[in-house]
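Residue-level structure breakdown
These are the residues of each chain, in order.
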Amino acid sequence: MAFHRPGRAGDLPPLPDLWARAALLAALSPGTRYTAAEDGVIRFDDHGGSRWELVPVAGGRAVLTGTERSCDEHLYMGVDPLDGAPDWLPWAWLADNEAERPPGLAYWWDGAAWDRAAYDDRVEDDGLSRLLGDLADDAAVRERIAAGLGLPAGPAPEPDALVADLSSRARTAGITGEVVERALALYARCPGYRGGLDAPTALATAARLGLTPGSTPPALPAGSAAPVRTRLLEDFEAMVSLRLGDDLRRCAEIPGRPAPGPSPALDALVAWTRANAPGGTAVLLHERIGRNWGFAESGPEPLARRSPLTEPMTLLNALYEAELHPEHGGWCFLRLEVAPTGVGVLRAYDHWPSWFPADGRGWEPASAQAAGSTFLRDRERRAPAWRHPLDGRRRRHDLPDGLETAPGGAWLPLAPGEREALEAQVAAAFAEGAAGAGVRGFAVLLGGRVGVHAVAGGAHRLTVPARVSAPLARLRRGMYEPGTGTWFRADVTVEPDGTYSFSYDRDSEPGFGRRTHDGHYVLDFRCFPRAFEHIPDWWRRRLGS
């Protein structure tokens, strides 16, 4: 069988053939790569980031979902393989399944043919050929079973004939105890057989999957209506970064660190700053985790990211290397202020300091992985409290420790006119591609997850560009109020003449059209805490308090 990249609906064999092969692998493969759950769902998991699930649905239908670790880039571009999927899919099961990891592909069998969502150019490969190669034909199934049992690879007359017979019987519910015993006896005679199978277990799995005489193939109940699924612009990676930022803001400096002394690297950076400040006063900021910097001659510091391929970045790198301590490591944040009367330098090694902006317009740490590889220090004695979660002790789904009554950082309120400018950016992004038609849409934000949905002319769904995340996040943070918090949902209306309006909901649970992990709810509360009387009941339940 030939597979395309990305996969096409016609690449898959008819469901009876696919089911028979997958069920045989679940029944006759030792170990935990191929398994069958009590509900009849057949799963493959290589325990390295690649998996698929073949889900039987009432009415002779099925859905195939999966993720291939080397073909999941489109997930981070907002591509939803379930966009436009039919109402009859088992949506409750799908929601539970993707709460752990969103699918990189989804194909559904309606009783006569396979189909999938329409892909655009962002999907170069959905991983179908890599994931389903073991089910391409009977020979591929034989190779996979042989590999699991430790048998030699390549053609072998007796095993090949056996698998062909098993496949034929599986399609007609003809797998019996005698057939299974004969298969195991043949395998036991083959050189290299390492065991791991027993006839009763194999037969029980075959019966559960409808392969034995008189057994009924399993099926999940069909769904009745597809949920409105938002396009996720930010999710797990943003959650990790937000968690890291919250930890950084709540930590303190570890005492006992020697202060860096004067150095040629510092003199060079001061000289550049003075040369670029005709007025004699300037502030230079640097955040090491994401390699970001900002510069202002006067007034508040700029908050836009700057290119790392610049002279000041080269000077900042040299200063960081010059001040790097073999035991205490390097600083995370730097503030250099020059004035006609002198120079001031502030450094923070172990926390996100109050003197460094925390309003979310570009200074969020890039990622936990970047932070974990940036700082060289004695890990046991000098690693700050936020460092340990990056080393594997905690994962992205772990809940932060405890709730707070105040944000970890002081979010800067919106400046005069800033709300209007941000709303104009959001409205323009939502209307992009509408060709002058009216647009109705909404955005939901929670604990690093950002979802958007927009429809033009009452029917045509739009692809809202990912750049809308930044102004939405700034709006949400800038509109935070102590005690009452901030909004979860923003509804956007853009009229055909270009005028627009916004409304904000602070109290209703945000709906993304899929399950949301409790960690998002707890993390959001830590960033935007509220007084008890302003916490909705649904949020209290998710917080566990």
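Everything quoted here is computed from the prediction, not taken from an experiment. (Residues numbered from 1 in each chain as written. Predicted model: local features only at pLDDT ≥ 70, side-chain atom pairs only at ≥ 80, totals over all residues. Heavy atoms only, no water.)

**Considerations on the side chain of Ser469**
For Ser469, the position within the fold is in helix α14 (residues 469-478). For Ser469, a relative accessible area of 7% corresponds to the buried category. Not counting residues up to four positions away in its chain, the partners in contact with Ser469 are Leu233, Glu234 and Val450. (Helix = DSSP H or I, 4+ residues; strand = E, 2+ residues; numbered from the N terminus. Buried < 20%, exposed > 50% of the residue type's maximum accessible area, 1.4 Å probe, protein only. Contact = heavy atoms within 4.5 Å.)

**A look at helix α10 (residues 311-323)**
Taking 1.5 Å per residue, 13 residues should reach 18 Å; α10 reaches 19 Å between its end C-alpha atoms and fits that length. Buried within α10 we find Pro312, Met313, Leu315, Leu316, Leu319, Tyr320 and Glu323. Buried residues of α10 fall within an arc of 160° about the axis and therefore sit on the same side. What points out from α10, more than 90 degrees from its buried face, is the exposed set Glu311 and Thr314. (Expected span 1.5 Å × (residues − 1). Arc of directions from axis to C-beta.)

**A word on the sheet that holds strand β2 (residues 42-45)**
Pairing is antiparallel across the open sheet formed by six strands, whose spatial order is β1-β2-β3-β4-β5-β6. Both outer strands of the open sheet, β1 (34-36) and β6 (114-116), are each paired with one neighbouring strand and no more. Mean inter-strand twist for the sheet, computed between neighbouring axes without regard to direction, equals 20°. Bridge count between β2 and strand β3 (residues 51-57): four bridges; the pairing is antiparallel. The residue of β3 that forms the bridge with Phe44 is Trp52. (Pairing = 2+ DSSP bridges. Axes fitted to C-alpha atoms, helices over the stretch in contact; angles between N-to-C directions.)

**A closer look at empty space enclosed by the protein**
All told, the structure shown has one cavity of 30 Å³ or more when counted by the stated rule. Considering only enclosed or pocket space, the largest cavity measures out at about 50 Å³ in volume. Lining the largest cavity we find Leu24, Ala27, Leu28, Leu166, Ile175, Val180, Ala202 and Ala206. Listed by contribution, the elements that provide at least two residues to the lining of the largest cavity are α1 (15-28) and α7 (199-208). (1 Å grid on protein atoms, 1.4 Å probe; cavity = no way out; pocket = protein on both sides within 12 Å on 5 of 7 lines; lining within 4 Å. Points joined across faces, edges and corners; volume = space filled by probe spheres on them.)

**Quick look at the packing of helix α9 (residues 264-275) against α10**
Axis separation between α9 and α10 bottoms out at 8 Å; the angle between their running directions is 155°. In terms of their interaxial angle, α9 and α10 are classed as roughly antiparallel. In this structure, α9 crosses over α10, and the sense of that crossing is left-handed. In contact with Ala265, Leu266, Ala268, Leu269 and Trp272 of α9, α10 contributes Glu311, Pro312, Leu315, Leu316, Ala318, Leu319 and Ala322. Tallied by class, residues from the contact of α9 with α10 come to 11 nonpolar, no polar and one charged. (Parallel < 35°, antiparallel > 145°, perpendicular 65-115°, else oblique. Left-handed = near helix turned anticlockwise from the far one by under 90°. Nonpolar A, V, L, I, M, F, W, Y, C, P; charged D, E, K, R; others polar.)

**Regarding the pairing of strand β5 (residues 105-109)**
The buried count for β5 comes to five of five residues, which makes it a mostly enclosed element. The side-chain alternation of β5 yields two buried faces, one formed by Leu105, Tyr107 and Trp109 and the other by Ala106 and Trp108. Pairing of strand β4 (residues 61-67) with β5 involves five bridges; the strand directions are antiparallel. The residue bridging Gly66 from the neighbouring strand is Leu105, located in β5. Where β5 and β6 come together, three bridges link them in antiparallel fashion. Along β6, the bridge assignment pairs Tyr107 with Arg116. With antiparallel pairing between neighbouring strands as the criterion, β5 and β6 make up a hairpin whose turn holds four residues, including Gly111 at a positive phi of roughly 110°.

**Observations regarding the nonpolar core**
Ranked by size, the top nonpolar core spans 51 residues in total, and within it Ile42, Trp52, Leu54, Leu64, Trp114 and Leu132 carry the most contacts. By residue number, the principal contributor to this core is α1, which donates 11 residues. The contact partners of Leu54, leaving out residues within four places of it in the chain, are Leu15, Leu18, Trp19, Ala22, Gly40, Val41, Ile42, Val63, Leu64 and Trp114. Core analysis: the next-biggest nonpolar cluster, separate from the first, contains 25 residues, Ala443, Val450, Ala456 and Trp487 among them. (Core = buried A, V, L, I, M, F, W, Y, C linked by side-chain atoms within 4.5 Å.)

**A closer look at the environment of Ala466**
Topologically, Ala466 is positioned in the loop between β14 (460-461) and α14. Since its relative accessible area comes to 43%, Ala466 is described here as partly exposed. A C-alpha to C-alpha distance of 5.7 Å links Ala466 and Leu233, two positions 233 residues apart in sequence. Contacts of Ala466, omitting those with residues within four sequence positions, involve Arg231 and Leu233.

**Describing unusual backbone geometry**
Looking along the chain, the bond that leaves Arg5 and enters Pro6 is cis, with omega of -5°. Residue placement: Pro6 occurs in the segment before α1. A positive phi angle, near 55°, is found at Ala173, a position not held by glycine. With respect to the helices, strands and loops of the structure, Ala173 is situated in the loop between α5 (157-171) and α6 (177-189). With a phi close to 55°, Ala435 is a non-glycine residue in the positive phi region. Checked against the element boundaries, Ala435 lands in the loop between α13 (418-431) and β12 (439-446).

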